[in-house]
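Inside the fold
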There are 2 protein chains.
Amino acid sequence: MDSIKIARVLSDPIRYKILMMLVSSESSCCSPASHMDTDNPTGLCNCELMSELDMIQSRVSYHMKELVESGLVNEEPRGKWKYYYANQRKVLDYIEQLKKDMKLE
Amino acid sequence: MDSIKIARVLSDPIRYKILMMLVSSESSCCSPASHMDTDNPTGLCNCELMSELDMIQSRVSYHMKELVESGLVNEEPRGKWKYYYANQRKVLDYIEQLKKDMKLE
DNA sequence: TGAATACATCAAAAAAATTTGATATGATTA
DNA sequence: TAATCATATCAAATTTTTTTGATGTATTCA
């Protein structure tokens, strides 16, 4: 059941916060805007998350892996860096599944 | 953040299954229908969950406690038994919070 | 009342998830 | 090419969650 996996990923406070940061992010660190994918102008890289969250690198990396593997976040390598952005569609899909399972609406 | 707590509860496969069972339950075990709360004709008791899920009593009890404490399930003691029913409004609230946090719609 | 039934709670064990520090990989830049 | 920077991965330690078996409490029923 996919919604269980999504719920697990969403149940960690740090990941939830990261997801909200990604949803809200309009600018990027570490590189000029020209490095960004034109279709996805938003995004954050690990280094920004590290300083923003005051967490060591491997810890950020671990949580980003969880987020990406769940599909809630997409990643986009740009040279040395890796940018992340929220996959809002995945959240919508999760919500739809939840509604269906819980016989809502 | 409340949605994190809800997500944690929803991230366990057993609890998710129980919640779906409660949502779908129209009849009850262990007692005549007259024992049921008239406002909430659905519901299941521990004993039915035990046999349905093939789990020992303390395990069912643990998960029901988690579900009740999260607000996803309401309980209703009826004499010797305890009936549970899904609180669909709580799921809806969770979904609304999620939508808000993820800037959806 | 006393036996039986249903559920709660507890502590210990087991399992799963997270954190950390060290090291590895891979791209960039001097 | 060598040094540097950003990120990935790993194993061990820690923390959190779940499971189990034992025991406690409350209600029902004979």
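To start, this report covers the structure provided alongside it. Residue positions are counted from 1 within each chain, in the order its sequence is given. Labels are handed out in written order, letters beginning with A for the chains and numbers beginning with 1 for the ligands. Residues qualify for local features only when their pLDDT is at least 70, as the model is predicted, and side-chain atom pairs are given and counted only at 80 or more; totals for whole chains, interfaces and linings, by contrast, use all residues. Excluding hydrogens and water, the side-chain values take into account all heavy atoms of the structure.

Re the relation of the copies chain A and chain B
Defined as follows: For this overlay, a least-squares fit was computed on C-alpha atoms, restricted to residues scoring pLDDT of at least 70 in both copies. Whether two residues touch is decided by their heavy atoms; if any such pair falls within 4.5 Å, the residues are in contact.
Here chain A sits on chain B after a turn of 180 degrees about the axis and a move of 0.0 Å along it, with an RMSD of 0.0 Å. Here the two chains are linked by the operation of a two-fold rotation axis. Considering only C-alpha atoms, the part of chain A nearest the rotation axis is Ala7 of chain A, at 2.4 Å. A share of 100% of the interface residues of chain A reappears at the interface of chain B, consistent with the copies meeting face to face through the same patch.

Some remarks on the protein's contact with DNA strand D
Using the following cut-off: We call a residue near a molecule or strand whenever a single non-hydrogen atom of that residue lies within 4 Å of it. In this description a helix means any DSSP run of H or I spanning at least four residues, a strand means any run of E spanning at least two, and both kinds are numbered starting from the N terminus. Polar here means any residue outside two lists: the nonpolar Ala, Val, Leu, Ile, Met, Phe, Trp, Tyr, Cys and Pro, and the charged Asp, Glu, Lys and Arg; Gly therefore counts as polar.
Taken together, 22 residues surround DNA strand D, and among them Gln57 and Lys82 of chain A together with Arg59, Tyr62 and His63 of chain B come closest. The sugar-phosphate portion of DNA strand D accounts for 67% of its atoms within 4 Å of the protein, the bases making up the rest. Contributing elements (two or more residues each) for the surface near DNA strand D: helix H3 (46-53), helix H4 (57-70) and strand E3 (81-86) of chain A together with helix H2 (13-24) and helix H4 (57-70) of chain B. In the surface near DNA strand D, the residues fall into seven nonpolar, seven polar and eight charged.

These results come straight from atomic positions and should not be treated as a statement about function.
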